[in-house]
Amino acid sequence: MILATPFFIREMGPEQYGLWMLINVVVQLMNALNFGVGESTIKEVSKYHSIHLSIKVQEAFNRNVTLSLLLMGLSLGFGFALSFAIPFWHLFQIPEADMQNAMLVLVLFSGSAGLKFIEQVFLSVFKGLQRFDISSRLSMVSRLSNLLAAIMVVYLGYGLLVIVQVTLLINCLNLLLQAITILKVAKIQFVIPKINNLNGKEILKSNGWFWLQGVIALVGFLSDRLLIGYFTDMKTVGYYSIAVLIGSQIHNVLLTFGSFVFPKVSHLIALNKDLSNMYYVSRFFIAGLAWFGISFLLICSDFIFKIWLGAETFQFSIEYINIYLSFIAIMVLIIIPYHFINGSEKLKLNSLFEVVLRSSLIISMLIGFYVYGVIGMLWGTVVAAIINMPFQYYLLHKMVIGIKPIQLSVFPLIPAIFIVFMSQMNETGFKLLFFGLFSLSFWLIYVKMGNIHFATLLRRGPDFENK
């Protein structure tokens, strides 16, 4: 999608691209209906597979497939309701000429979003079984097929309506491929879904906290684009969406990489094993991949983004890109706590974190927008994220990992602060200076401290399967 963005903007125009991105944001809000079907499937399949209770694996799968079908219907219903609410209440600055088409596209995209609930369950089965190779391949096929189809539709001169129609067809074909793979590899049988067999108390127990944290995170994550769509115009949404696309893709890639951690944590807890070695290793890899990648983009931003976007689009979007990258540099710190807590029995902690983090982000965005417009909104998110991280790491260390010193909750944030300063430097020499400070702090906090911990674990035997 990153590579295809200049093509879409050029062929569709920034206004139509902005409309597409805004509808995508509204549709992504439908994920608030997923009721934790993906995370609960991963956790239960991993847990029961570890102790060889295949009948429980089958029960968890059947329950979440049935629930996902029900949620698909709800998603479609909400799509109809929202399609009439947007013009009635004038929720976004959508041109009158595009309104009818936008309403129909929104309904169809809502149906496509509903199909993704089923896909979450299917792919989560393989993650729970720790067959990440299969889940990754199926996910790549699903994502790339949708993207390539959109490129082809736009290349042939068609618009959003045809894009969503083709997307619906491809999503159905991908679900068929995933179902066949589950039958052949996971040996899990499909049964006729029966809504009246769903147990409300059981669903709340297994899915409820996953759902709550997901809803809060999703609304908070999408709120900036909703606010910009409400206060400004589609062209601004389009340029801002470029920054969000770059930053969110980095975050999503690492979040997916971190999802390998989730079933491992559940597995180690089921076997009553220590988590600290796994924590330091995974923290080092997630933060290192994110920060060195973001640093490269910031140092080479004028060269990379100008070639990629073209001079005009670069001029209107580069300030958004630089600030948003610094925001993502802070936000990648939530990935490891998120997966470790989901794999533990402390699920309420993630809901607490999300409430505090996302509410403070929204408040900071509104204050920042009032003070300095869209740029102020972005800086509000950066400041709020910096304030929240030590609180999140303190509770993670104390209640899940078993690390007591308070200062160790602040240290993980320090390298990211240098990246924030780097993002605001115009001269390459100053960028390299802050890159050097970042690298030094990363080595001291993530490498040196980690190596000391690894040496201790090696003397008594590491618990993370020597990986």
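Reading the values: rules and limits
Each residue is numbered by its place in its chain's sequence as written, counting from 1. Only residues with pLDDT of at least 70 are given local features in this predicted model, and only at 80 or more are side-chain atom pairs given and counted; all residues enter the totals for whole chains, interfaces and linings. Computation of side-chain values: all heavy atoms of the structure, hydrogens and water removed. Under the DSSP-based scheme used, a helix requires at least four consecutive residues in state H or I and a strand at least two consecutive residues in state E, with every element numbered from the N terminus. Only protein chains enter the accessibility calculation, which uses a 1.4 Å probe; a residue whose area is less than 20% of its type maximum is buried, one above 50% is exposed, and one in between is partly exposed. By definition in these notes, contact holds between two residues if any of their heavy atoms fall within 4.5 Å. Values of accessible area rely on a 1.4 Å probe in the Shrake-Rupley scheme; residue burial ignores everything except the protein chains shown. Counted as salt bridges are all cases of a side-chain nitrogen of Lys or Arg within 4 Å of a carboxyl oxygen of Asp or Glu. Here the expected span of a helix is defined as 1.5 Å times the quantity of residues minus one. For every residue, the pLDDT score states the predictor's confidence, bounded by 0 at the bottom and 100 at the top. Each nonpolar core is a collection of buried residues, namely Ala, Val, Leu, Ile, Met, Phe, Trp, Tyr and Cys, held together in the definition by side-chain atoms within 4.5 Å. Interaxial angle, 0 to 180 degrees, is taken between N-to-C directions of lines fitted to C-alpha atoms, where a helix line uses only the stretch in contact. Reported orientations rely on four angle classes, namely roughly parallel under 35 degrees, roughly antiparallel over 145, roughly perpendicular from 65 to 115, and oblique for the rest. Residues are sorted three ways: Asp, Glu, Lys and Arg are charged, Ala, Val, Leu, Ile, Met, Phe, Trp, Tyr, Cys and Pro are nonpolar, and all the rest, Gly among them, are polar.

**So, the overall build of the chain**
Inference 1: Along the chain, the regular secondary structure elements total 17 helices and zero strands.
Inference 2: With 467 residues in all, the chain has 55% of them scored as buried.
Inference 3: Restricting to contacts in the chain with at least 6 residues of sequence separation, those with at least 24 account for 82%.
Inference 4: Surface accessibility of the chain: about 21100 Å² in total, with carbon and sulfur atoms responsible for 68%.

**Comments concerning the pattern of salt bridges**
Inference 1: Under the counting rule described, the total for this entry stands at five salt bridges.
Inference 2: The shortest N-O distance in the salt bridge between glutamate 11 and arginine 10 comes to 3.6 Å.
Inference 3: Residue classification places glutamate 11 among the partly exposed positions, given a relative accessible area of 44%.
Inference 4: The closest approach of N and O atoms between arginine 131 and aspartate 133, which form a salt bridge, is 3.0 Å.
Inference 5: Its relative accessible area of 34% is what places arginine 131 among the partly exposed residues.
Inference 6: Under the relative-accessibility criterion, aspartate 133 is labelled partly exposed at 31%.

**Here we look at helix 5 (residues 99-128)**
Inference 1: Taking 1.5 Å of rise per residue, the 30 residues of helix 5 would be expected to cover 44 Å, and the 43 Å separating its terminal C-alpha atoms lies within 8% of that figure.
Inference 2: Counting buried positions over the 30 residues of helix 5 gives 23, a clear majority of the element.
Inference 3: Glutamine 130 sits one or two residues past helix 5 and shows a positive phi near 60°.

**Here's the deal with the confidence of the model for the chain**
Inference 1: In this model, the chain carries an average pLDDT of 82, and 88% of its residues clear a pLDDT of 70 or more.
Inference 2: When mean pLDDT is taken per element in the chain, helix 16 (residues 414-423) scores highest with 95 and helix 8 (residues 200-231) scores lowest with 68.
Inference 3: Confidence drops under pLDDT 50 across residues 452-467; counting only partners more than four residues distant or on other chains, this segment forms 25 contacts.

**Things to note about the nonpolar core**
Inference 1: Among the nonpolar cores identified, the biggest contains 111 residues, and Phe8, Trp20, Trp291, Phe305 and Phe340 are the most heavily contacted of them.
Inference 2: Ranked by residues supplied to this core, first place goes to helix 15 (residues 347-401) with 19 residues.
Inference 3: Not counting residues within four places of it along the chain, the set of residues in contact with phenylalanine 305 comprises Ile246, Leu297, Gly310, Phe314, Ile318, Ile321 and Leu325.
Inference 4: With 26 residues, the next largest nonpolar core counts Leu33, Phe35, Val57 and Phe126 among its residues.

**Overview of the environment of isoleucine 269**
Inference 1: Within the element layout of this structure, isoleucine 269 appears in helix 10 (residues 261-270).
Inference 2: Isoleucine 269 sits in the partly exposed class, given a relative accessible area of 29%.
Inference 3: With 222 residues separating them along the chain, isoleucine 269 and lysine 47 place their C-alpha atoms 9.1 Å apart.
Inference 4: If we skip the residues at most four places from it in the chain, isoleucine 269 touches Leu275, Gly343 and Ser344.

**Section: the side chain of serine 112**
Inference 1: The topology assignment puts serine 112 in helix 5.
Inference 2: For serine 112, a relative accessible area of 5% corresponds to the buried category.
Inference 3: Contacts of serine 112, omitting those with residues within four sequence positions, involve Thr167, Leu168 and Asn171.

**Observations concerning the packing of helix 11 (residues 276-299) against helix 12 (residues 301-309)**
Each pair of packed helices can be described by the angle between their axes along with the distance between the axes.
Inference 1: With their axes 5 Å apart at the nearest point, helix 11 and helix 12 run at an angle of 80° to one another. In terms of axis orientation, helix 11 runs roughly perpendicular to helix 12. Where helix 11 abuts helix 12, its residues Phe296, Leu297, Leu298 and Ile299 lie against Ser301, Ile304 and Phe305.
Inference 2: Classifying every residue of the contact of helix 11 with helix 12 by side-chain character gives six nonpolar, one polar and no charged.

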